[in-house]
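Okay, here's what each chain looks like letter by letter:
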Amino acid sequence: MADRMAKPVRERPPSLPYAGPVTPVDLSTTVLHAVRRAVGEDALRAPVPARVRVERTRPGGRGDYASAVALQLAGPAALPAREVAEILRDRLTGAPGIAGVEITGPGFLNFTLDASAGAAAHRDIVRRVREEGERYGYGDDLAGQRLGVVHAREVRAAVTADAVRRLLTAQGAVVRLSCEGEPDADWARLGVATDAYGKPPAGPGADRPASGVAAYGRAADGPDAPGTPLVPVRPVPAGDTAATLLTRLGPDAARWGLLRPAGHDHAPLGPELIVQTEANALFRVRYAYARTRAVVREAGRLGVVVPGDGEDIDATEASAALLALLADHPAVLAAAARHRAPDRLARHLEAVAGAFFDFHDAAPPLPVGDEKPSAAHRSRLAIAEAAGTVLAGGLSLLGVSAPEHL
């Protein structure tokens with residue numbers, strides 16, 4: 001296969017914002033601290049939320065990130081949302097990593113990040129990915145929570161529920177997976193391990209069959225104990241059995257095909273999932289990972305090593321776009337878990353793969369021709385290695401393998 005596929009035709013935003021000195025998680029924490037400060041100073045009388053959501057500004061919007069926290073707090077505070085936003089802006093202006101805060105619309109806070117600290121941010125992102133490996137982005141938002149994920153007796157529901165369990169577990173929850181009917185034996189070949197089946201008992205005193213995978217049952221203190229919240233998973237059915245999908249597509253393509261569309265959309269499960277062309281999103285993602293591994297192997301042969309912890313990461317426009325997506329990865333995992341939406345992770349991996357290819361073309365990680373290895377090559381190698389780690393970790397959460405050779 002050619003070293004690099006032809007340039008893909010893919011839908012992407014016209015540009016990706018610069019990866020500034022704070023990650024989305026850092027920015028969310030900064031905004032939450034501003035809310036606490038405003039409440040503590042009695043400038044804002046409202047309950048402090050457990051978390052504050054910040055999201056990439058949509059194309060045509062202002063700044064790098066935006067938050068609707070002022071609209072969320074306006075009701076409890078009995079104030080107009082724009083007034084709440086002004087209170088928070090006063091406490092956010094000048095915060096480390098934030099170059100500017102602007103209020104738009106009914107009260108949205110828009111943040112422009114400080115590009116001057118970009119090198120430190122890039123170094124921190126790469127360092128975090130290297131330290132945490134494929135668990136980069138795992139969190140503790142749901143630590144201590146016990147959840148019961150329940151799905152219909154249907155292959156897409158089973159695979160989606162399994163991916164939801166993986167995402168919830170990655171955020172610290174303890175999860176039990178149960179099916180409303182007896183599981184299909186072929187689901188195991190798709191990586192689905194059902195803990196129990198049957199209708200969950202109505203309460204502590206309800207009659208129940210013996211516990212175990214042969215019947216539902218509730219352990220006295222397990223993740224399906226009485227009172228445990230149940231998470232129903234009911235995507236649009238696939239219309240195929242597991243055996244049919246396995247025969248036609250194999251486990252990896254079948255899982256991707258079932259998980260990539262949003263649960264309320266039909267899942268296309270045709271032969272396009274197994275062709276090794278640019279049109280196949282799964283192939284693009286896995287090929288991007290394989291390319292990162294090939295780059296690392298060749299770098300070892302050439303004696304190119306990644307920068308040490310104290311060295312800056314040299315970022316071009318292309319690598320900044322890729323690093324921005326890597327910085328978003330923890331927030332994407334948390335949102336995918338919170339919304340029970342594995343498709344969010346799949347789309348994110350597609351974006352990472354696309355940004356990696358753009359980066360690879362614009363700033364090759366390895367010397368070309370008579371070039372000598374330089375600090376720039378070392379930086380690019382570190383970014384490529386981090387991108388591969390994120391791709392592998394994301395595919396693992398979806399239950400899809402990441403081969404090093406394609």
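Residues numbered from 1 in each chain as written. Predicted model: local features only at pLDDT ≥ 70, side-chain atom pairs only at ≥ 80, totals over all residues. Heavy atoms only, no water.

This paragraph deals with the sheet that holds strand β8 (residues 230–233). Across the sheet, 4 strands lie side by side as β7-β6-β5-β8; this open sheet has parallel pairing. One side of each edge strand has no neighbouring strand; the edge strands of this open sheet are β7 (196–197) and β8. (Pairing = 2+ DSSP bridges. Helix = DSSP H or I, 4+ residues; strand = E, 2+ residues; numbered from the N terminus.)

What follows deals with the pairing of strand β5 (residues 146–151). The side chains of a regular strand alternate between the sheet's two faces. For β5, a buried count of 5 out of 6 residues is recorded, marking the element as mostly surrounded by other parts of the structure. Two strands pair when backbone bridges link them, and β5 and strand β6 (residues 174–179) are joined in this way by 6 bridges, in the parallel orientation. Bridge pairing links arginine 146 to valine 174 in β6. Since β5 and β6 lie parallel, the crossover through helix α5 (residues 155–170) that links them has a hand, and here it is right-handed. (Buried < 20%, exposed > 50% of the residue type's maximum accessible area, 1.4 Å probe, protein only. Right-handed = clockwise from strand over helix to strand, strands pointing away.)

With that settled, the discussion passes to unusual backbone geometry. Even without a glycine there, the phi angle at alanine 78 is positive, about 55°. Relative to the elements of secondary structure, alanine 78 occurs in the loop between α2 (69–77) and α3 (81–92). Overall, alanine 78 belongs to the exposed group, its relative accessible area being 67%. One non-glycine residue, arginine 340, lies in positive phi territory at about 50°. Topologically, arginine 340 is positioned in the loop between α9 (317–338) and α10 (342–362).

Overall, the predicted model of the protein chain reaches an average pLDDT of 84, with 83% of residues at or above 70. Of the regions scoring below 50 in pLDDT, residues 6–21 engages in 38 contacts with residues more than four places distant in sequence or in other chains. The model gives residues 203–224 a pLDDT under 50, and that stretch makes 57 contacts with residues more than four places away or in other chains. (pLDDT = per-residue confidence, 0-100. Contact = heavy atoms within 4.5 Å.)

Turning our eyes to something else, we now look at the pattern of salt bridges. Side-chain pairs of opposite charge can arise whenever the charged atoms involved come near each other. A complete count under the given rule lists 25 salt bridges for this structure. In this structure, the salt-bridge partner of arginine 37 is glutamate 41, at a minimum N-O distance of 3.0 Å. Measuring nitrogen to oxygen at the nearest pair gives 2.9 Å for the salt bridge that ties arginine 91 to glutamate 41. Residue arginine 91 is found in helix α3, and its partner glutamate 41 is found in the loop between α1 (24–40) and β1 (55–56); the two are separated by 50 residues along the sequence. Each of Arg260, Glu278, Arg284 and Glu350 takes part in one network of salt bridges that share partners. (Salt bridge = Lys/Arg side-chain N within 4 Å of Asp/Glu carboxyl O.)

This next bit is on α2. Within α2, the full set of buried residues consists of Val69, Ala70, Leu73, Ala74 and Ala77. Down the axis of α2, the sector holding all buried residues measures 135°, keeping them to one side. Elements in contact with the buried residues of α2: α1, β2 (65–67), α3 and β4 (108–113). Backbone geometry just after α2 places alanine 78 at a positive phi near 55°. (Arc of directions from axis to C-beta.)

For the structure shown, the criterion picks out 4 aromatic pairs. Taken together, the aromatic side chains of Phe283, Tyr287, Phe356, Phe357 and Phe359 make up a single cluster linked through ring pairs. (Phe/Tyr/Trp six-rings, centres within 6.5 Å; stacked < 30°, edge-to-face > 60°.)

Taken in spatial order, the 4 strands make up an open sheet running β1-β2-β4-β3, and their pairing is antiparallel. Each edge of the open sheet is held by one strand with a lone partner, namely β1 and β3 (98–104). The pairing of β2 with β4 spans 3 bridges and is classified as antiparallel. Following the sheet pairing, alanine 66 is matched in β4 by asparagine 110. Here α1 sits on the sheet and contacts β2, β3 and β4; the angle it forms with β4, its principal contact strand, is near 130°. (Axes fitted to C-alpha atoms, helices over the stretch in contact; angles between N-to-C directions.)

The alternating pattern of β8 places Val231 and Val233 on a buried face and Leu230 and Pro232 on a face that is not buried. For β5 and β8, the ladder comprises 4 bridges, and the chain directions are parallel. Considered in β8, the bridge of glycine 148 is made with leucine 230.

In this structure, Val149, Val155, Leu168, Trp256 and Leu322 are the most contacted members of the largest nonpolar core, which totals 81 residues. Counting residues per element, this core draws most heavily on helix α11 (residues 375–397), at 11 residues. Beyond its immediate stretch of four places on either side in the chain, valine 155 contacts Trp187, Leu190, Ala238, Asp240, Thr241, Ala242, Leu245 and Leu258. Among the nonpolar cores identified, the runner-up in size contains 29 residues, and Ala34, Val69, Leu109 and Phe111 belong to it. (Core = buried A, V, L, I, M, F, W, Y, C linked by side-chain atoms within 4.5 Å.)

A word on the packing of α1 against α3. Look at α1 against α3: their axes get within 9 Å of each other, and the N-to-C directions meet at 110°. The pairing of α1 with α3 is recorded here as roughly perpendicular in orientation. As α1 packs across α3, the resulting crossing turns out to be right-handed. Contacts between α1 and α3 involve Thr30, Val31, Ala34, Val35, Arg37 and Ala38 from the first element and Ile87, Leu88, Arg91 and Leu92 from the second. A class-by-class count of the residues in the contact of α1 with α3 yields 7 nonpolar, 1 polar and 2 charged. (Parallel < 35°, antiparallel > 145°, perpendicular 65-115°, else oblique. Left-handed = near helix turned anticlockwise from the far one by under 90°. Nonpolar A, V, L, I, M, F, W, Y, C, P; charged D, E, K, R; others polar.)

Before going further, it helps to examine the environment of proline 235. Take proline 235: it is sitting in the loop between β8 and α6 (242–249). Each C-alpha atom, one on proline 235 and one on histidine 266, is 8.6 Å from the other, the two residues being 31 residues apart in sequence. With sequence-adjacent residues up to four places away left out, proline 235 is seen in contact with Arg156, Ala157, Thr160 and Gly263.

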